[in-house]
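# Fold and contact review
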Amino acid sequence: MKGRSSVSFLYLIKVFSFIGATSFGGYTALVSYVQKRLVDEAKLISEEELLDSVTIASLLPGPLAVNVVANIGYSLRGWMGTVVSMAAVLSPSVLLMILAAEFYQQFGDLETVGSFLSGIILAICAVIFSVVNKMSQKNLKAWWQVVLAVIAATCLFFFKAYLVIVFLLVFGGVNGLLLSKVEASSTSHKKTEPFPIWGALIIVGIAFAGIVIFDDTLLRQLIVVFSKVSVTLFGGGYVMIPVLYNLVVEQQNWVSPEAFSVAISLGQMTPGPILVSATFVGYLVKGISGGIISTAAIFLPSAIVMVLVSNRFEYLKSSNFFLRALQGIRPVIIGLIAYSAVVIFMSDDFSFIRLFLAAVAGVLLIFTKINDFLLILLFGCLGLIWL
């Protein structure tokens, strides 16, 4: 892999802004693009590191996709890399949500570009499956690993609770312990600080200072409410939605039920994580400052936890016990990613034309060197014509 010391902040901004602007379809789409850009093309991180980040984020509170990006940013350029990478990957969807919130305030309605987005989603499904194919070739080397991936994908068709995901990860880990014969290397996979607490303390200190400095009670309340959600709820964006509804609609009475529904719909339609809907709510409450504060509050606290835990994770991997468990956990992660592509495809009404277009997108990705961004634009346009 290339030397990480040569990675500039400008490069992180460029790469993660592109990923943030094109990752329609939830966290797995974002992870797929990280795989393509930073693992396959730039070779700045290994596939193993990416899968480890997904594993850790799956077990921690907060939005999974942004936590993965935060950890990768830290591995490349330390705490500033975390902040820069997060800001870059969120900026496209945050900007779109602010513009949509302003439009909503002015006109009270939003017209969706459903056909265009339907076409984009088909291309995203193809991208995710192509990444699953590459991951499978490298990580599913034994029959029992293939079985684990299939079991993980199948279980989620019938049981969708977050605890099911936790059970599958534990189940994979136990099977890895029993069936894997891998031995840990004596060398560390990457050099990290013994415990990078100082950077986290600086970030937390700045956030706390912001709470104290802000004269506006609403801004303080936005920080407290969204930070609380960030560090206490497990399971990602969809698990957090009912809790957010209770807080911002029923308890705080910041927005109407209709406005909250619009926020969630836009979070699904725009690229990036669904919890960028916090930007929409914050903007309606307190304008641009409210939108930015709400975004930082819901994403930053859990990202700090992610980086701190991940730093310990590297030391755990020197243990044969832990490394064998990972051999079973990684196939489960691959199964979960494959399942999400199917769910994204089935989010719209089934039709043979959609199935045909998705297959064509897959063929183009496998047999040509088409740029994935061009593929997305192409299928968005095809969606306008045929969907």
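Look up: the structure comes first, before these words.
So, a few notes on the structure that sits alongside this text. Predicted, not measured: the structure shown is a model, and the values here were computed from it. Within each chain, residue numbers correspond to sequence positions counted from 1 in written order. The model is predicted, so local features are restricted to residues of pLDDT at least 70 and side-chain atom pairs to those at 80 or more, both for listing and for counting; the totals for chains, interfaces and linings are taken over all residues. Side-chain calculation: all heavy atoms of the structure are included, whereas hydrogens and water are not.

### Some remarks on the overall build of the protein chain
- Counting its regular elements, the protein chain contains 15 helices and zero strands.
- Accessible area is worked out with a 1.4 Å probe on protein chains only. A residue is then buried under 20% of its type maximum, exposed over 50%, and partly exposed in between. Burial statistics for the protein chain: of 387 residues in total, 54% are counted as buried.
- The contact criterion used is simple: two residues touch if any of their non-hydrogen atoms lie within 4.5 Å. Of all intrachain contacts in the protein chain linking residues separated by at least 6 positions in sequence, the fraction that spans at least 24 positions is 76%.
- Accessibility throughout is a Shrake-Rupley quantity obtained with a 1.4 Å probe, and a residue counts as covered only by protein chains that appear here. With the model as given, the accessible surface of the protein chain reaches about 17,300 Å², and the carbon-plus-sulfur share is 70%. Each helix is a run of H or I in the DSSP string that is no shorter than four residues. Each strand is a run of E no shorter than two, and both are numbered from the N terminus.

### Points about the environment of Val 146
- In this fold, Val 146 is placed in helix α6 (residues 143-158).
- Using a relative accessible area of 40% as the deciding quantity, one classes Val 146 as partly exposed.
- For the pair formed by Val 146 and Gly 335, sequence separation is 189 residues and the distance between their alpha carbons is 8.9 Å.

### Some remarks on a nonpolar patch on the surface
- Together, Trp 143, Val 147, Ile 151, Phe 167 and Phe 171 make up a nonpolar patch on the protein surface, roughly 510 Å² of accessible area in all.
- When residues of the nonpolar patch are assigned to their parent elements, the largest contribution, three residues, is made by α6.
- Checked against the element boundaries, Phe 171 lands in helix α7 (residues 162-179). Patch definition: residues with relative accessible area over 30% and no salt bridge; like charges joined within 9 Å; nonpolar side chains (Val, Leu, Ile, Met, Phe, Trp, Tyr) joined within 5 Å. Here, a salt bridge means any side-chain nitrogen of Lys or Arg that lies within 4 Å of a carboxyl oxygen of Asp or Glu.

### Some thoughts on the pattern of salt bridges
- Summed over the entire model, instances satisfying the criterion amount to three salt bridges.
- A salt bridge links Arg 37 to Glu 41; the nearest nitrogen and oxygen atoms lie 3.2 Å apart. Of the two residues, Arg 37 and Glu 41 both sit in helix α2 (residues 27-41), four residues apart, roughly one turn of that helix.
- For Glu 41, a relative accessible area of 47% gives the class partly exposed.
- One salt bridge connects Arg 330 with Glu 48, and the closest N-O pair in it is separated by 3.3 Å. Highlighted residues: Arg 330 in helix α13 (residues 320-345) and Glu 48 in helix α3 (residues 47-59), separated in sequence by 282 residues.

### Thoughts on the nonpolar core
- Phe 16 and Phe 226 are the most contacted members of the largest nonpolar core, which totals 115 residues.
- Here this core takes 19 residues from helix α4 (residues 64-107), the largest share from any one element.
- Excluding anything up to four places from it in sequence, Phe 226 contacts Leu 244, Val 248, Trp 254, Ala 278, Val 281, Ser 294, Ala 297 and Ile 298.
- Only buried Ala, Val, Leu, Ile, Met, Phe, Trp, Tyr and Cys residues count toward a nonpolar core, and they belong to the same one when joined by side-chain atoms within 4.5 Å. Membership of the second largest hydrophobic core comes to five residues, among which are Tyr 74, Ile 304, Val 307 and Leu 308.

### Observations regarding empty space enclosed by the protein
- Two kinds of site are reported from a 1 Å grid over the protein atoms alone, namely cavities, where a 1.4 Å probe fits but cannot get out, and pockets, open sets with protein on both sides within 12 Å along at least five of seven lines, and residues are called lining when an atom falls within 4 Å of a point. Grid points are joined across faces, edges and corners, and a volume is the space filled by probe spheres set on the points. Summed over all chains, the structure comprises two cavities of 30 Å³ or more.
- In this structure, the second largest cavity encloses a volume near 40 Å³.
- Lining the second largest cavity are Phe 226, Leu 244, Val 248, Phe 260, Ala 263, Ile 264, Ser 277, Ala 278 and Val 281.
- The set of elements that each furnish at least two residues to the lining of the second largest cavity consists of α10 (237-251), α11 (257-269) and α12 (277-316).
- For the lining of the second largest cavity, the per-class residue count stands at eight nonpolar, one polar and no charged. When residues are sorted by character, Ala, Val, Leu, Ile, Met, Phe, Trp, Tyr, Cys and Pro go into the nonpolar class, Asp, Glu, Lys and Arg into the charged class, and all the rest, Gly among them, into the polar class.

### Things to note about the side chain of Ser 277
- Within the secondary structure, Ser 277 is located in helix α12.
- Judged by relative accessible area, Ser 277 falls into the buried class, the value being 3%.
- Ignoring anything within four residues of it in the chain, the contact list for Ser 277 reads Met 97, Ala 263 and Ile 264.

### Thoughts on the packing of α2 against α3
- In contact at an axis separation of 10 Å, α2 and α3 are set at 155° when each is read in the N-to-C sense. It follows from the interaxial angle that α2 and α3 lie roughly antiparallel. Like other packed secondary-structure pairs, α2 and α3 cross with a definite hand, here right-handed. Packed against α2, whose contacting residues are Val 31, Val 34, Gln 35 and Val 39, the element α3 presents Glu 47, Leu 50 and Val 54 at the interface. Every axis corresponds to a line fitted to the C-alpha atoms, with the helix fit spanning only the stretch in contact, and the corresponding angles, defined between N-to-C directions, vary from 0 to 180 degrees. Every angle not falling under 35 degrees, over 145, or within 65 to 115 is termed oblique; those three ranges are roughly parallel, roughly antiparallel and roughly perpendicular. When the near helix sits turned anticlockwise from the far one by under a right angle, the crossing is termed left-handed; a clockwise turn instead gives a right-handed crossing.

### Topic: the packing of helix α1 (residues 9-22) against α2
- Between α1 and α2, the shortest axis-to-axis distance is 9 Å and the interhelical angle comes to 140°. On the basis of their axis angle, the class for α1 and α2 is oblique. Crossing geometry of α1 relative to α2 is assigned as right-handed. Taking contact as the criterion, the partners of Tyr 11, Val 15, Phe 16, Phe 18, Ile 19 and Thr 22 in α1 are, on α2, Leu 30, Tyr 33, Val 34, Arg 37 and Leu 38.
- Split by residue class, the contact of α1 with α2 holds nine nonpolar, one polar and one charged.

### Observations concerning helix α14 (residues 352-367)
- Multiplying one less than the number of residues by 1.5 Å gives the expected span of a helix. Taking 1.5 Å of rise per residue, the 16 residues of α14 would be expected to cover 22 Å, and the 22 Å separating its terminal C-alpha atoms lies within 8% of that figure.
- Here α14 has its buried residues at Arg 354, Leu 357, Ala 358, Ala 361, Gly 362 and Leu 365. Across the axial projection of α14, the buried residues extend over an arc of 140°, all falling on one side. The exposed residues of α14 that point more than 90 degrees off its buried face are Phe 352, Ile 366 and Phe 367. Here the arc refers to the directions that run from the helix axis out to each C-beta atom.

### Comments concerning the packing of aromatic side chains
- Note on aromatic contacts: the rings of Phe and Tyr and the six-membered ring of Trp form a pair at centre separations within 6.5 Å, being stacked when their planes are under 30 degrees apart, edge-to-face when over 60 apart, and tilted otherwise. Counted under the stated rule, the structure contains three aromatic pairs.
- Centroid distance Phe 167 to Phe 171: 6.0 Å. Interplanar angle 20°. Geometry classified as stacked. Here the residue Phe 167 and the residue Phe 171 both occupy positions in helix α7, the gap between them amounting to four residues, near one helical turn.
- For the cation-ring pair, Arg 354 lies above Phe 345, with the distance from its terminal atom to the ring centre recorded as 4.5 Å. Only lysine NZ and arginine CZ atoms are considered, and such an atom sits over a ring when it is within 6 Å of the ring centre and within 35 degrees of the ring normal.

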